[in-house]
Amino acid sequence: MRYSLTHLKELESESIFVMREVYAQFENPAILFSGGKDSIVLAHLAKKAFWPAKIPFPLVHIDTGHNFPETIKFRDDLVEELGVKLIVGSVQESIDKGRVREETGKNASRNALQTTTLLDTIEAGNFDACMGGARRDEEKARAKERFFSHRDDFGQWDPKNQRPELWNLFNGKKNMGENFRVFPISNWTEMDVWQYILHENIAIPSLYLAHEREVIWRNNSWLPVSKYIQLGPNETPEKKMIRFRTLGDITITGGVESEADTLAMIVDEVASARQTERGNRADDKRGETAMEDRKKQGYF
Amino acid sequence: MNTNNTDSNSYLDMQLLRFTTAGSVDDGKSTLIGRLLYDSKSIFEDQIDAVQSSSEKRGLEHVDLSLLTDGLKDEREQGITIDVAYRYFATPKRKFIIADTPGHIQYTRNMVTGASTSNLALILVDVRHGVIEQTCRHSFIASLLQIPHLVVCINKMDLVDYSEEAYNKVVEQYKNFAAKLDVKDIRFVPISALHGDNVVNRSENTPWYGGETLMHTLETIHIGSDENHIDCRFPVQTVIRPHSDEYHDYRGYAGRVAGGVFKPGDDITVLPSGFTSKIKAIDSFDGALEEAFAPMSVTLTLEDDIDVGRGDMIVRPKNQPVATQDINVMLCWLNQEGPMAGGKYAIKHTSNEARCMIKEILYKVDINTLHRLESDKEIKGNDIARVQLRTTKPLFVDEYNTNRNTGSIILIDETTNETVAAGMIIL
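Residues numbered from 1 in each chain as written. Chains lettered and ligands numbered in written order. Predicted model: local features only at pLDDT ≥ 70, side-chain atom pairs only at ≥ 80, totals over all residues.

### Some points on helix H3 (residues 69-82) of chain A
Residues and elements named next belong to chain A.
Right, on to step 1. Under the 1.5 Å per step criterion, the end-to-end length of H3 is 20 Å for 14 residues, consistent within 8% with the ideal 20 Å.
Right, on to step 2. When H3 is considered as a whole, its buried residues turn out to be Thr-71, Arg-75 and Leu-78. Down the axis of H3, the buried set is contained in an arc of 70°. They therefore lie on one face. Along H3, exposed side chains directed more than 90 degrees from the buried face belong to Pro-69, Asp-77, Glu-80 and Glu-81.
Right, on to step 3. Residues of H3 that are buried make contact with helix H2 (37-50) and strand E2 (59-63).
Right, on to step 4. Backbone geometry just after H3 places Gly-83 at a positive phi near 70°. (Helix = DSSP H or I, 4+ residues; strand = E, 2+ residues; numbered from the N terminus. Expected span 1.5 Å × (residues − 1). Buried ≥ 20, exposed ≤ 12 C-beta atoms within 10 Å, placed from the backbone. Arc of directions from axis to C-beta. Contact = placed C-beta atoms within 7 Å.)

Below, the structure is given as C-alpha cells:
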C-alpha cells in the first residue's frame, strides 16, 4: 500500500522519535539496561535513532547480584559492540553500606531493594532522564504510564497527577532535582517485541530459547535452581525443557515448559499463549497493586 | 526452523490502528472492550483469574471487566476511572491501540488526550436512550480533534428485541445532530456488547442489517490517507554529527516527517532562515531511502552546508506553512486552575518552542450543545475556548484541519512545568 507503514515500522518510528526527543530535551540521559529483551530492543532502537553516530547515552545496569550468568556475559558483549559506557549500580553495595536490608526466608528476593540502588545511581550519575523498556501492556499500573513520566525529587511517581500527553508534543520541563523516566516502547506488546526481534534478527540471551535446566515447581512456575534460593523440604529439583518469557533476578524469574528453540517458534508460542508473560514473576504476586506500589516509590 | 509457517510472517503486512472510546459506567463500554479483547484472544487466563477474584472480593455477582482496565489502587477502591488507559489487541490483519477514556471525571481533558492520536472514535449509544448529552460531548470532541472516522455503536439491541425501527430512529437522531459536526466518515452498527451481536460475528438477530460487523470495520477501514501526504513538513529534532573518521563531515538532520513526501534531489527551504538547498540523501540505519513520508523517522542530509538546528523546519520552497506570531486556536484547558490574567506560558509546536501570552478570549464553547458562549469568557478547568495567542517569535503553522502535526500546540506553565492547555490552530 502506498504511503502506509507496517505496524512494526510505525512503532519503531515512534520509539526513535521519543529517543531523539530525550536527547534534545535533556542534558544527561541514560538507558536503563536489565539485559532483558525489552531493554535489548531499546538499545537496538537507540542505535538506529542516532546512526551513523554512536548511541549518545550510557547504559545503566542495576545489578542485584542474583543474575543469570548469561545475562552479565550478554551485557558486556553488547556494550563492547555498541561502544557505549556501562554504569553498574550494585544492590550488594547498597546492602554492604547499610542503605537497605536484605530480605530473609524462602521467598526472599532483592527485587524491592533495587529501587534504593536505582535512585542512588540516578543521583550519583546526575541523570535527568532514564529510559526504560517498560510497556503499557505488561501490567495494569503501567497501562496509565506516560511516555515522559515525571518524578519528584524523591524519585516518586504520582499516578493521579500526571501531565496530559497529546499528539507528539512531549513536555520534559522540570525543576532542579526532579527527573524523568521515559518509556520509548510504551505502545509495544510482547508480541510486537518478539516479531521485531525476529524481523530485525536481534541477538538475545539464549535463556529466552528452550533449554534443559534444573528447576523446582514453586508459585505456579518453574523456578531455576541456583545458589541463591533455599529449597523447601518438599521441593526436589527436576530437569525440564523450559524457556523464560521475561528475565529478572534469578530468584524470582520463573520459566515455562517449552520446546521453542528458535525465534519463529517463540513468535508462534506467544501467539497461542494463554498466560501473560509476567504471570511467572513472583514480584508481581505480592498483592493486587504490587507494581503500582513499587512504581510510586521509584521502581522502574 | 519451520520456514513454511505463514503465521510467523503475516505480521509483516499488519497495520496499526489507534482508536478511542469514551463512556460512563453503564453504557456498556467496558463490556464492549472486554468483548473485543476476549474475542480476539487478547485477555489471558491469569488476567481473567485476577479479575474474577477481585470481583468476588468486592462481593460482585458478575465478573467486572472494568477491573481489567482500571489498574490504579484509587480507581479500584473507588470504582472510578481516573485516567486514560491504553489497551492493546491484535487480529491477523491489524494491531489496535485503544485509548480508553473515562466518561465522568475530567472527561474533557482525558477525551482530548485520547483523541489526539486516534484514527477512529467509537461512540456508544444506548438504543433505549438515544442521543444524550454525553453522546454529543464525545462526538463534538472527536470532531474538534479531527478524528477521521467515527463508528457509532448502537448498543443494547437485545433489550429492544433487535428492532430495526428502534435502530433507525437512533440513526436518524444522530445524523440530525451530526450535521453540525465536521466529520467526513460516520458509520453505524447495531450491536449487543453483552451478547456479542455484530461485534466480531455477524448476528442472526439483525437480518435487516446489511452492513459490516464492528470488528470487520476496525480491520478494514482505510486509514492510509489519515496523514497529510501533500504538504512537505520536516521539523528538525536534532543534528547528528558522528565526529568519526568514517563520517568526519557528516551532518544529518534527524526528525519525523510531519507531512508530505520527501525525495532525494528535492528543492527545500529551511525555516526560519529561508536558506535553500537540495536533499542529498534520506538516511536510515537500514540504508538510504528513496522517499520519506509521515510518520517516518529519518535523517536528511543536504547538498549545502547551511546552519540548521532543532526547532527549524525543512519545507518545499513553493509550499510553506504560515509564519506568524498571532495564533488563533481552539484551546482545551487541561489544568484544574484556569489561566492567569495576562499570564505568560511556554508554547510547544512541533520541535519548536517559544513563549506566549493569551491576548484575547473570543468565546467559550458549550460542549454539550456546541453553542458559542460569547458573554462567558472565564476559562476554567476542562473548558474549551477560542483564543488569540501572541508568541515571542514566529511559529510555522498549518491549519489543524489540514495537518494535525503542524496544527497543534501545547501550553506549559512556567512555574509548575505542567502541561496546562492543548490547542488546535485555526487560520
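### Here we look at the interface of chain A and chain B
Right, on to step 1. Contacts between the two partners involve 56 residues from chain A and, on the opposite side, 63 residues from chain B.
Right, on to step 2. Sorting the residues of the side of chain A that touches chain B by element identifies helix H1 (7-25), H2, helix H6 (190-200) and helix H7 (263-272) of chain A as the ones contributing at least two each.
Right, on to step 3. Considering each element in turn, the side of chain A that touches chain B owes the most residues, nine residues, to H1(A).
Right, on to step 4. Its residues placed into classes, the side of chain A that touches chain B shows 22 nonpolar, 16 polar and 18 charged. (Nonpolar A, V, L, I, M, F, W, Y, C, P; charged D, E, K, R; others polar.)

### Overview of the nonpolar core
Right, on to step 1. Within the largest apolar cluster, 171 residues are counted, with the highest numbers of intra-cluster contacts made by A:Ile31, A:Ala46, B:Cys153 and B:Ile154.
Right, on to step 2. Setting aside residues up to four positions removed in sequence, B:Ile154 forms contacts with B:Val125, B:Val127, B:Tyr167, B:Val170, B:Phe188, B:Val189, B:Pro190 and B:Ile191.
Right, on to step 3. Judged by nonpolar contacts, the second largest core, of five residues, contains A:Ala210, A:Trp222, A:Leu223 and A:Ile229. (Core = buried A, V, L, I, M, F, W, Y, C linked by C-beta atoms within 7 Å.)

### Section: the sheet that holds strand E15 (residues 313-315) of chain B
All names here are of chain B.
Right, on to step 1. Within the open sheet, the seven strands sit side by side as E7-E15-E11-E12-E14-E9-E8. Their pairing is antiparallel. Looking at strand neighbours, the two that pair on one side only are strand E7 (233-235) and strand E8 (238-240), the edges of this open sheet. Going across the sheet, the axis of each strand differs from the next one's by a mean of 40°, ignoring polarity.
Right, on to step 2. Inspection of the sheet shows strand E11 (residues 267-271) paired to E15 by three bridges, in the antiparallel sense. Note that in E15 the partner of Thr-269 across the bridge is Val-315. (Pairing = 2+ DSSP bridges. Axes fitted to C-alpha atoms, helices over the stretch in contact; angles between N-to-C directions.)

### Points about the domain arrangement of chain A
All names here are of chain A.
Right, on to step 1. As far as domains go, chain A holds domain 1 (7-188 + 288-297) and domain 2 (193-285).
Right, on to step 2. With 25 residues of domain 1 in contact, the opposing surface of domain 2 contributes 26 residues.
Right, on to step 3. Elements that contribute at least two residues to the side of domain 1 that touches domain 2 include exactly H2, H3 and helix H8 (290-297).
Right, on to step 4. Of the residues belonging to the side of domain 1 that touches domain 2, the class tally is eight nonpolar, ten polar and seven charged. (Domains from an automatic or database assignment.)

### Details of the environment of B:Gly34
All names here are of chain B.
Right, on to step 1. For Gly-34, the position within the fold is in helix H1 (residues 29-39).
Right, on to step 2. With 24 C-beta atoms packed within 10 Å, Gly-34 lands in the buried category.
Right, on to step 3. Separated by 295 residues in sequence, Gly-34 and Val-329 place their C-alpha atoms 37 Å apart.

### Quick look at the sheet that holds strand E5 (residues 148-151) of chain A
Residues and elements named next belong to chain A.
Right, on to step 1. The sheet built from six strands is open, its strands ordered E3-E2-E1-E4-E6-E5 with mixed pairing. This sheet does not close on itself; its edge strands, each paired only once, are strand E3 (86-90) and E5. Strand-to-strand, the axes of this sheet are offset by a mean angle of 30°, without reference to chain direction.
Right, on to step 2. Pairing geometry for strand E1 (residues 29-32) and E2, over two bridges, is parallel. Note that in E2 the partner of Ile-31 across the bridge is Leu-59.
Right, on to step 3. Across the sheet, H2 lies against E1, E2 and strand E4 (129-131), angled at about 140° from E1, the strand it touches most.

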